[in-house]
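Per-entry structural report
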Number of protein chains: 2
Amino acid sequence: MEGQITAMLRERGFKVTPQRLAIYETLRQTKSHPSAEMIFHELQPLYPTMSLATVYKTIEILKEIGLIQVLNAGEDSFRYDADVSNHPHVRCMKCGRVDDIMGIESEDFIDLISQNTSYKLTGQQFYFYGICPKCQITTPH
Amino acid sequence: MEGQITAMLRERGFKVTPQRLAIYETLRQTKSHPSAEMIFHELQPLYPTMSLATVYKTIEILKEIGLIQVLNAGEDSFRYDADVSNHPHVRCMKCGRVDDIMGIESEDFIDLISQNTSYKLTGQQFYFYGICPKCQITTPH
DNA sequence: TTGCTTGCAAAGTTTTTGCAGGCGC
DNA sequence: GCGCCTGCAAAAACTTTGCAAGCAA
């Protein structure tokens, strides 16, 4: 599983660079669904010369290869997830964090939709909005 | 049902202006889920002096009052829908159009999610991606 | 008349593009 | 060494803000 990115980049004719590996690794090691800016700041200490433009360009490639998925939970910016499995996301309307919702079997629901549209479906994203446990405590009413 | 916007604006202390009525009416009379820019261009002939800023400011109010809902189907810009009922949307990856998916009962699915997260849920958006009927014909493979 | 609203312009945010030097292969 | 890649800067795209004049109530 690990190191797969190297092979997948080369297969598609992309070069393997430290920046690309670092950006993917950052996404693999977090569940916080960071934006480009967040990834950039995360890598700043390790790669002081890294630019935001490189983050965006790398994200574009990783998306194309299918190594990451792109999220927009109603914010101004996009977030990225190295877990490309089909799972819903939930955003806290108070603190802004975005979490995974795991363990949901949505095939039946998707089939139902498929039968109710004339589109040929290729994918989907389910976003939920609410208040996270921590923010429920802070403001309990 | 019609003219409700007038009362709802006044109730909240907002003034009723031709621009606000026109922007809401544009959204009520379409199913294309226009962006701010699209609304602006639609109204340009009728209101030559209308500005994009007014469109954005009005959208902010309509959203606050609950007369419209905000969508982001993975595009750079937001889209707006005067149908605030809870229904999924689908975007064509080829031509970019965004359509409603009606007639879906999603309560059971939402309940299932509700039981699988520690968030206190307040809302959700379901986005599907695919190819619309027209684009399926144009490129049939 | 009062003060919210409009529309213009400027600014803010996020993302993309152009290009010269650098590095993967 | 060739050609793609990086990083800087500039630009583009979308949205927000400031302010003077205008209009709703």
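Residues numbered from 1 in each chain as written. Chains lettered and ligands numbered in written order. Predicted model: local features only at pLDDT ≥ 70, side-chain atom pairs only at ≥ 80, totals over all residues. Heavy atoms only, no water.

In the nomenclature of an unreviewed UniProt entry, chain A is known as Transcriptional regulator of Anaerosporomusa subterranea. UniProt annotates chain A under Sequence similarities (unreviewed entry) with the comment "Belongs to the Fur family." (UniProt positions renumbered as here; feature names shortened; annotations may be inferred.)

Bringing the side chain of A:Arg79 into the picture now. Residue and element names in this part refer to chain A. Note on placement: Arg79 falls in strand β2 (residues 79-81). Within the local environment of Arg79, its side chain forms a polar contact with the side chain of Glu75, the two groups lying 2.6 Å apart. Ignoring anything within four residues of it in the chain, the contact list for Arg79 reads Ser32, His33, Pro34, Ser35, Met38, Gln69, Val70, Leu71, Gly96 and Val98. (Helix = DSSP H or I, 4+ residues; strand = E, 2+ residues; numbered from the N terminus. Polar contact = N/O pair within 3.5 Å; in protein donor to acceptor, adjacent residues only side chain to side chain. Contact = heavy atoms within 4.5 Å.)

This brings us to the sheet that holds strand β3 (residues 89-92) of chain B. Pairing is mixed in the open sheet, where six strands are placed in the order β4(A)-β3(A)-β5(A)-β5(B)-β3(B)-β4(B). A single partner strand is all that each edge strand has here, and the edge strands are β4 (98-100) of chain A together with β4 (98-100) of chain B. When the angles between neighbouring strand axes are averaged without regard to direction, this sheet yields 25°. The strands touched by helix α5 (residues 107-114) of chain A within the sheet are β5 (120-131) of chain A together with β5 (120-131) of chain B, with β5(A) carrying the most contacts at an inclination of about 120°. (Pairing = 2+ DSSP bridges. Axes fitted to C-alpha atoms, helices over the stretch in contact; angles between N-to-C directions.)

This paragraph deals with the protein's contact with DNA strand D. Lining the immediate environment of DNA strand D, one finds 20 residues, of which A:Thr17, A:Arg20, A:Thr49, A:Lys57 and B:Tyr56 sit closest. Considering the 4 Å shell around the protein, atoms of DNA strand D inside it are sugar or phosphate in 68% of instances. Within the contact set of DNA strand D, a phosphate oxygen lies 2.7 Å away from a side-chain nitrogen or oxygen of A:Arg20. Here B:Lys57 contributes a side-chain N or O atom positioned 3.2 Å from a base oxygen of DNA strand D. Mapped by element, the contributors of at least two residues to the surface near DNA strand D are α2 (18-28) and α4 (52-65) of chain A together with α4 (52-65) of chain B. Per element, the largest residue contribution to the surface near DNA strand D is four residues, and it comes from α4(B). (Near = heavy atom within 4 Å.)

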